[in-house]
Amino acid sequence: MTVEQLLARQGDGVGRRRASRRTSAAPARDLPATPVRGGSSARGRDELFPRPEEGPAVRAGLPPVPGAARPAGPQPGLPPVRGAAPAQPPLPTVQPGLPPVPGVAPSAAAAPVVPAVQPGLPPVPGSGASLWAPAERPSRCSGPIPPLPGLAVPPAPPAPPAPRRKRAEDRPPPSPARRRALRVATALAALLGVVVLYHLALYFYVDQRIDRVDALATDGPEVLAAELQDAAETYLVVGSGVPGQTGAASIATLVASVSADGERAVLVSVPPTAMVDTPMCRTPDGDLRNPVTEAFASSLLDGGPACMVRAVQQLSGLRIDHYLGVDLAGLPTMVDALDGVPVCVIPSEATAAAAQPPPPGPSELSGAAASGFLAPGDTGTDVTGAAVAERAQRLLTATLRAAMSSETLLNPVTLATFLNRASDSLTVDDQTTLGDLRVLAGSLGDLSGDAVQRAGLPVAQVGYVPVGSDQAYVVLDRPATRALFDEVIDGTRLPAEVIEAQRAAQAAASQAAEAPQPAPEEPAGPAPLTAAPGEITVDVLNGTATTGLAGTVAEALRGQGFAVGTVGNEEGTVNETVVRFGPGAEEQARTVAAAVPNSVLRPSDAIGGAVQLVIGPGYSTVVPVQVGAPVAAEAAPEPAPATPAPQPSTVRC
């Protein structure tokens, strides 16, 4: 190739480039998209090498041209160019419900973004979001959104200042009247505290001094229907040392059952000579006592309190919850410590059987009057022991109520004297306290009328003497006794037939009191005695509960010259001393009646020609007799006009 050809080719290229510039300035034409092979076409060059003012066209899959301006934003499918300036980070998108990112300025041209309300989340404070949408409900499980890490939590508002307490120097000084009232109140409070502490100390002191015994057996196998007795309270009150009595007759026993609501109470007396079966028990010495059939009082005299409790439970089926032993000889001293005890006496058989019955109606008993009220009037008048048990219960209840009165509690000297004497006369079980005794006294004292029912155990025979024994027993009516205690266990009440019998007896007594007394007949002159004591053989029978009385009377008759035959006990019940005689033995009976004052002659065809002396209530002694003298039993003195006893309905307590 020559030089001219090279120059021509260079000139041709310059012309072509100038023609290309002229072509770009001119309106575009529709040219075919296929470039001219060999690169001679101007459109083909423009497509392969775009002009700088239009910017390079980036094609997918080709690397960028070095030195060319890089478009903003990452290019899909191309790796970053080494050495190129990093792209401007995109502005953060505002998320609904979140505060703006610190350090990033929001675009001024961007429109305010309203965060969308998320269901179940509260609006973000300061975001300007509206309240909850009416159609949506917040979720129960949602809670407040915790702050983003790194963000400052706004401080909590300060708490209001606490009110300043007034100091002593800020208060006005108290007035003189207020100071005096404060001193009086302080003195009264101190005095009340001293009184309370004194009574508490005295209570615990006496509670420790009272004799206590292990007497209860609440889980004994003899207890019947224990679930029916869970709410009721049953007390066994035992009085020992009845004035004027010895042996079994000196024991007065009362079983008191109080209902769960305290509205009813049943008091049942047990005859001291009643024949009972005492199960195995433990004596105060700790020895076991074998089961035995004995007099009820012997379970206490020979066995102790625990044996008597087991005997009562065996007889009745009741569960004994409290044992209270009272020395009746010390009860009058307790009455004297209280300066007398108020009582209200309603005339009854138990009251009439006392040696010194108090007047009917309200009265106050001293210690001496209380002793006369407890003592029986005539020997053998209270065979079953029901009368003395009732009198002891009434006096004990009145004494405990007087001791718990406000007058006694506010008198420290009287209270201390009474409690000291009471601690010497009372014996309780390990679980009974003075509070239990107060409950007993309050329950029996507050109840009146039909709320308190009294009864003695049904008796089948009095004066029963077993074979090989010289002691007379009271035989209980077992079926009637079982029926009585079944009613007590079931509802703390007596059987209906027992109540009806008591009402009939009271009505008969009232009619007898209202009936006019017949005028006494003039007694005929007594005939003189014709039979001498040495010619008479008499059988002596004991019709009372006093043990050994028949033997004592037999010795007295021998001392007067009588011959004594059989000495034993009367099977039946007598109300007075009786001289029985058979056909042809009247004169001998008159002589015996003369030797025994207050005896009554009774003919009998069942004893043949024998003479029997049955000792009953009213017996006093044996006196010497003289043949030719009149019989004292036939010459009865003229009775004094008796004052009619007031009816129970007229006495109000």
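Located above this text is the structure these notes cover.
What this report covers is the structure whose coordinates are included nearby. Keep in mind the model is a prediction, meaning the values are calculated, not measured.

1. A word on the environment of E364
- Mapped onto the secondary structure, E364 falls in strand β11 (residues 361-365).
- In the structure, E364 is positioned 24 residues away from G340 in sequence and 6.1 Å away in space, judged by C-alpha atoms.
- Sequence-distant contacts of E364, defined by excluding residues within four places in its chain, comprise D339, G340, V341 and P342.

2. Quick notes on the state of the cysteines
- According to the stated counting rule, one finds one disulfide in the structure shown.
- Covalently, C281 is tied to C307 through a disulfide, its sulfur atoms 2.0 Å apart. Measuring handedness by torsion sign, the sulfur bridge of C281 and C307 sits at about 90 degrees and is right-handed. Of this pair, C281 sits in strand β6 (residues 281-282) while C307 sits in helix α5 (residues 305-316), placing them 26 residues apart in sequence.
- The buried category is assigned to C281, whose relative accessible area is 3%.

3. Description of the nonpolar core
- In terms of nonpolar packing, the biggest core is built from 52 residues, with L324 and F418 touching the most fellow members.
- With nine residues, the single largest contributor to this core is helix α9 (residues 386-403).
- The residues touching F418, leaving out its near neighbours within four places in the chain, are M334, A337, L338, T399 and A403.
- L216, L300, L315 and V488 belong to the second largest nonpolar core, which has 32 residues in total.

4. Brief notes about helix α8 (residues 367-374)
- Looking at α8, one finds that the buried residues are G367, A370, G372, F373 and L374.
- Along its buried surface, α8 packs onto α6 (331-337), α7 (349-352), β11 and α9.

5. Brief notes about the environment of T234
- Of note, T234 is situated in strand β2 (residues 233-240).
- Overall, T234 belongs to the buried group, its relative accessible area being 3%.
- As a C-alpha pair, T234 and R319 span 85 residues in sequence and 6.8 Å in three-dimensional space.
- Excluding its chain neighbours within four sequence positions, the residues that come into contact with T234 are V255, A256, S257, L318, R319, I320, D321 and H322.

6. Thoughts on the sheet that holds strand β13 (residues 452-456)
- Taken in spatial order, the seven strands line up as β1-β12-β9-β2-β3-β4-β13 in an open sheet, and their pairing is mixed. Each edge of the sheet is formed by a strand with only one pairing partner; in this case those strands are β1 (211-213) and β13. Direction aside, the axes of adjacent strands within the sheet are offset by 20 degrees on average.
- The sheet contact formed by strand β4 (residues 265-270) and β13 spans five bridges and is parallel. Residue pairing for β13: A265 is matched across the bridge by V452.
- Taken strand by strand, α5 contacts β1, β2, β3 (251-258), β4 and β9 (322-327), and its axis lies near 125 degrees from that of β2.

7. Brief notes about unusual backbone geometry
- Backbone geometry at A225 places phi at a positive 50 degrees, although glycine is not the residue there.
- Structurally, A225 can be placed in the loop between β1 and β2.
- Residue A225 is classed as partly exposed on the basis of its relative accessible area of 30%.

8. Side note on the side chain of R319
- For R319, the position within the fold is in the loop between α5 and β9.
- If near-sequence neighbours (up to four positions away) are discounted, R319 is found in contact with T218, V223, A226, Q229, D230, A232, T234 and Q313.

9. Points about the pattern of salt bridges
- This structure, assessed with the given rule, holds 12 salt bridges.
- Here R319 makes a salt bridge to D321, at a shortest N to O gap of 2.9 Å.
- The salt bridge partner of R493 is E487, with a shortest N-O separation of 3.3 Å.
- The class of E487 is partly exposed, set by a relative accessible area of 26%.
- Here the salt bridges do not stand alone but share partners, grouping D230, R319 and D321 into one network.

So, how was this worked out
Residues numbered from 1 in each chain as written. Predicted model: local features only at pLDDT ≥ 70, side-chain atom pairs only at ≥ 80, totals over all residues. Heavy atoms only, no water. Helix = DSSP H or I, 4+ residues; strand = E, 2+ residues; numbered from the N terminus. Contact = heavy atoms within 4.5 Å. Disulfide = S-S within 2.5 Å. Buried < 20%, exposed > 50% of the residue type's maximum accessible area, 1.4 Å probe, protein only. Core = buried A, V, L, I, M, F, W, Y, C linked by side-chain atoms within 4.5 Å. Pairing = 2+ DSSP bridges. Axes fitted to C-alpha atoms, helices over the stretch in contact; angles between N-to-C directions. Salt bridge = Lys/Arg side-chain N within 4 Å of Asp/Glu carboxyl O.

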